[in-house]
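Structural description and commentary
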Amino acid sequence: MSKVITSPVKRWAGTVTIADPLTIPQAEQIENALGIDEAQEEGKRVWLTVNDKKMLPAIFACVEAWNLQGLEGVTIDTFPASPRSTSHKLIDWLFREILHVYFGEAEVPNE
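Per chain, residues are indexed from 1 in the order of the written sequence. Local features are withheld for residues below a pLDDT of 70 in this predicted model, meaning they are given only at 70 or higher, and side-chain atom pairs are given and counted only at 80 or more; totals for whole chains, interfaces and linings count all residues. By convention in this description, side-chain values take in all heavy atoms of the structure and omit both hydrogens and water.

**Some remarks on helix α2 (residues 48-62)**
Spanning 15 residues, α2 covers 21 Å between terminal C-alpha atoms, matching the ideal 21 Å at 1.5 Å per step. By the largest-angle criterion, Met-55 marks the main kink of α2, which is about 30°, and a proline, Pro-57, follows within four residues. Against the buried residues of α2 lie β2 (14-18), α1 (24-34), β3 (63-68) and α3 (84-103). Under the DSSP-based scheme used, a helix requires at least four consecutive residues in state H or I and a strand at least two consecutive residues in state E, with every element numbered from the N terminus. Here, expected helix span is obtained from the residue count minus one, scaled by 1.5 Å. The bend reported for a residue corresponds to the angle between axes fitted to the seven residues ending at that residue and the seven starting there. The criterion used for residue contact is that any of the two residues' heavy atoms lie within 4.5 Å.

**Focus on the packing of aromatic side chains**
By convention, a stacked pair of Phe, Tyr or Trp rings (six-membered ring in the case of Trp) has centres within 6.5 Å and planes under 30 degrees apart, an edge-to-face pair has planes over 60 apart, and any other such pair is tilted. With the rule as written, the count across this model stands at four aromatic pairs. Where Tyr-102 meets Phe-103, the ring centres are 4.8 Å apart and the plane angle is 85°; that geometry is what we call edge-to-face.

**Brief notes about α1**
Think of it in three bands: residues with accessible area under 20% of the maximum for their type are buried, residues over 50% are exposed, and the middle band is partly exposed, with areas taken using a 1.4 Å probe on protein chains only. Along α1, the residues that are buried comprise Gln-26, Ala-27, Ile-30 and Ala-33. Taken down its axis, α1 places every buried residue within 120° of arc, on the same side. In this structure, α1 carries Ile-24 and Pro-25 as exposed residues pointing more than 90 degrees from its buried face. Next to the buried residues of α1 lie α2 and α3. Following α1 by one or two positions, Gly-35 adopts a phi angle in the positive range, close to 75°. This arc is taken over the directions from the axis of the helix to the C-beta atoms.

**Some details on the pattern of salt bridges**
Once their charged atoms are close, side chains differing in charge can pair, the charge on each being opposite to the other. One side-chain nitrogen of Lys or Arg within 4 Å of one carboxyl oxygen of Asp or Glu is enough to make a salt bridge. Across all of its chains, the model carries three salt bridges by this definition. Between Asp-92 and Arg-96 there is a salt bridge whose closest N-O contact spans 3.1 Å. Here Asp-92 and its partner Arg-96 are both found in helix α3, four residues apart, which amounts to about one turn of the helix. Residue Arg-96 is classed as partly exposed on the basis of its relative accessible area of 34%.

**A word on the nonpolar core**
We call a set of buried residues a nonpolar core when its members are Ala, Val, Leu, Ile, Met, Phe, Trp, Tyr or Cys and they connect through side-chain atoms within 4.5 Å of each other. Grouped together as the largest cluster of nonpolar side chains are 25 residues, with contacts concentrated most on Val-16, Ile-59, Leu-90 and Phe-95. Here this core takes eight residues from α3, the largest share from any one element. Look past the residues within four positions of Ile-59 in its chain and what remains in contact with it is Trp-66, Ile-91, Leu-94, Phe-95 and Ile-98.

**A few points about the sheet that holds β3**
Two strands pair if DSSP finds at least two bridges between them. Strand order in the open sheet formed by three strands is β1-β2-β3, and the pairing between neighbours is antiparallel. A single partner strand is all that each edge strand has here, and the edge strands are β1 (3-6) and β3. Within this sheet the neighbouring strands show an average axis-to-axis angle of 15°, counted without direction. In the sheet, β2 pairs with β3 via five bridges, with the strands oriented antiparallel. By the bridge assignment for β3, Thr-15 is matched with Asn-67. Each axis is a line fitted through C-alpha atoms, taken for helices only over the stretch in contact, and angles between the N-to-C directions span 0 to 180 degrees. Sheet contacts for α2: β2 and β3; angle to β3, the most-contacted strand, approximately 95°.

Put into structure tokens, the structure is as follows:
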């Protein structure tokens, strides 16, 4: 059964349908985005684009349908990167919603 979520980003209003439950390949993409397979350097500065680039493959693996204004036919290569703060907000929201499915609603970390 899929999950329909509503965008909190005014620029790209609408809904997105994400997979629920997730498959093993989808879970692998999420784990790659979380950096589970790599060591993190403490105190190292990470740019928004670096994190967003890690999250987008997981997002595209888990999204079943895009119904956002202005993002018709969006692909991983055409996903907007500006305005930067708004684009990041959308990516971060999508990834967090996918984490709700991955971890289970009551187990999402840092919330």
